[in-house]
Amino acid sequence: MTGKKLNGTVIVTYRCNARCSMCNRFKAPSRPEEEISIETIRKLPKMYFTNITGGEPFIRTDLKEVVRELYKKSDRIVISTNGFFTDRIIDLCQEFPQIGIRISVEGLEKTNDEIRGLSEGYQRSYTTLKKLREMGMKDVGFGMTVQDKNAPDLVPLYRISDEMGMEFATASLHNSFYFVETRNIIKDRPMVAKNFEDLVNELLKSYSPKKWFRAYFNHGLINYIYSQPRLLPCDMSFDTFFIDPYGDVMPCNGTQDKEVMGNLNRQTWDELWYSPEAEAVRRKVRCCDRNCWMIGSVSPAMHKYITKPAMWVVKHKLKSMLGMKYSMFELPICRDYRDGKVTKEELDKRSTCDFEATINDGLSDDSREALKGKRGEDIVDDDVVSQGYEATGNGNDNIS
Ligand code: SF4
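The model shown is predicted, which means the values in this text are computed figures rather than measured ones.

*Asks:* Even after reading the chapter, I still don't get the sheet that holds strand β7 (residues 240–243), so can you show me in this structure?
*Replies:* Read across the sheet, 9 strands follow the order β6-β5-β4-β3-β2-β1-β7-β8-β9 without closing on themselves; strand pairing throughout is mixed. The outermost strands of the open sheet, each flanked by one partner alone, are β6 (167–172) and β9 (262–263). In terms of strand pairing, strand β5 (residues 140–146) meets β6 through 6 bridges, oriented parallel. Looking across to β6, one finds that Thr145 is bridged to Ala171.

*Asks:* Explanation requested: the nonpolar core in the structure shown.
*Replies:* Ranked by internal contacts, the top residues of the largest apolar core, which has 100 residues, are Ile101, Phe142, Ile222, Ile225 and Ile243. It is helix α8 (residues 209–225) that provides the largest number of residues to this core, a total of 8 residues. Apart from the residues lying within four places of it in its own chain, the contact partners of Ile101 are Ile79, Thr81, Ile89, Cys93, Leu132, Met137 and Val140.

*Asks:* Help me understand the site of the ligand, please; the structure alone is not making it clear to me.
*Replies:* Taken together, Cys234, Met236, Pro251, Cys252, Gly254, Thr255, Val285, Cys288, Arg290, Asn291, Cys292 and Ser297 make up the full set of residues near the ligand. Considering only residue class, the shell around the ligand consists of 7 nonpolar, 4 polar and 1 charged.

*Asks:* So what exactly am I meant to see when it comes to the pairing of strand β1 (residues 6–11) here?
*Replies:* In regular strands, side chains alternate between the two faces of the sheet. The buried count for β1 comes to 6 of 6 residues, which makes it a mostly enclosed element. Here β1 shows a buried face lined by Leu6, Gly8 and Val10 and a second buried face lined by Asn7, Thr9 and Ile11. Sheet analysis places β1 next to strand β2 (residues 47–53), joined by 6 bridges and oriented parallel. Paired with Ile11 across the bridge in β2 is Thr53.

Conventions we followed
Residues numbered from 1 in each chain as written. Predicted model: local features only at pLDDT ≥ 70, side-chain atom pairs only at ≥ 80, totals over all residues. Pairing = 2+ DSSP bridges. Helix = DSSP H or I, 4+ residues; strand = E, 2+ residues; numbered from the N terminus. Core = buried A, V, L, I, M, F, W, Y, C linked by C-beta atoms within 7 Å. Buried ≥ 20, exposed ≤ 12 C-beta atoms within 10 Å, placed from the backbone. Contact = placed C-beta atoms within 7 Å. Near = placed C-beta within 6 Å. Nonpolar A, V, L, I, M, F, W, Y, C, P; charged D, E, K, R; others polar.

Below, the structure written as structure tokens:
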């Protein structure tokens, strides 16, 4: 096995009890019986960082065992969650106080609850985060996916997280099999970019180097929503991987359909990592033009190609200290759009949004079979109720 530690994301389930307007995963759950087992997790390589995600990871009743196993091979673990299963989150954090928790909060209360479709979603998330802070957990924070609807809440939410001494992770809309989406797109780019610009200036004002690099990440998000080539190369599948609930190892979660390097249920890590299939996926990554800008693919790139973000940070922190603000118009595309040299239609065409494309979900045949005659959200609601929790079922517009 390779001696080099990797960056891994483990998608422990595709079941999700939220109803987010930008993600249809709740309609396409995995069958619990098929979800990645402890035996398969034992076969993963050494990692310097692991993100556990879903679906909603805490829907799995054995998540503590999963974490226990992953700590044997990973230096740092962060779980992304919708914050619904407060008691389970608290219980897990009591055993693993060093773990990171990111709770998705999509804006202030009204906006969040509209976008996520979880009853009392904001209050639950906020209460959970506060409890975790009171327990002395250090690595906790908000995760926000910015879109037209919640962009005005971006800086206010950042300020709340800052006052609570929390991390604040951002993303924007993406289309892929993982989100079971092909139609996500930012409609009012200048408005959304302006809110990112304000956030960048807030982050640059801080005394935390980590926040200055976050400022660079958010600068990259402006570049992304204007459908531009990534600011940094994408090296997914070289020293980074995703594994899905079925044991399929993939480069990332940003592709239109799932790209499989091998299967860890059936193969050893070395067999799949050095296989011809894995090499073929790496060749595809080299010429991938989807230009995602998600923390999972950008964080490793920022570490690997540190000079570019570091130079940006030094320049902009100095400017901020001199009272000069960051402007999105330092990106040529923002100037071109403002000056009418490029149209909205041209940018839309360059994005991954495609109303005609087939929507892929990455499900196994058995999971898809289980959906015959049933809605994914009803299957998950029954599941959640059988676990002693209330069903979501409060009807987001997103449910077709
Ligand atoms: S740009 Fe990178 S992260 Fe995005 S789909 Fe392509 S390979 Fe995956």
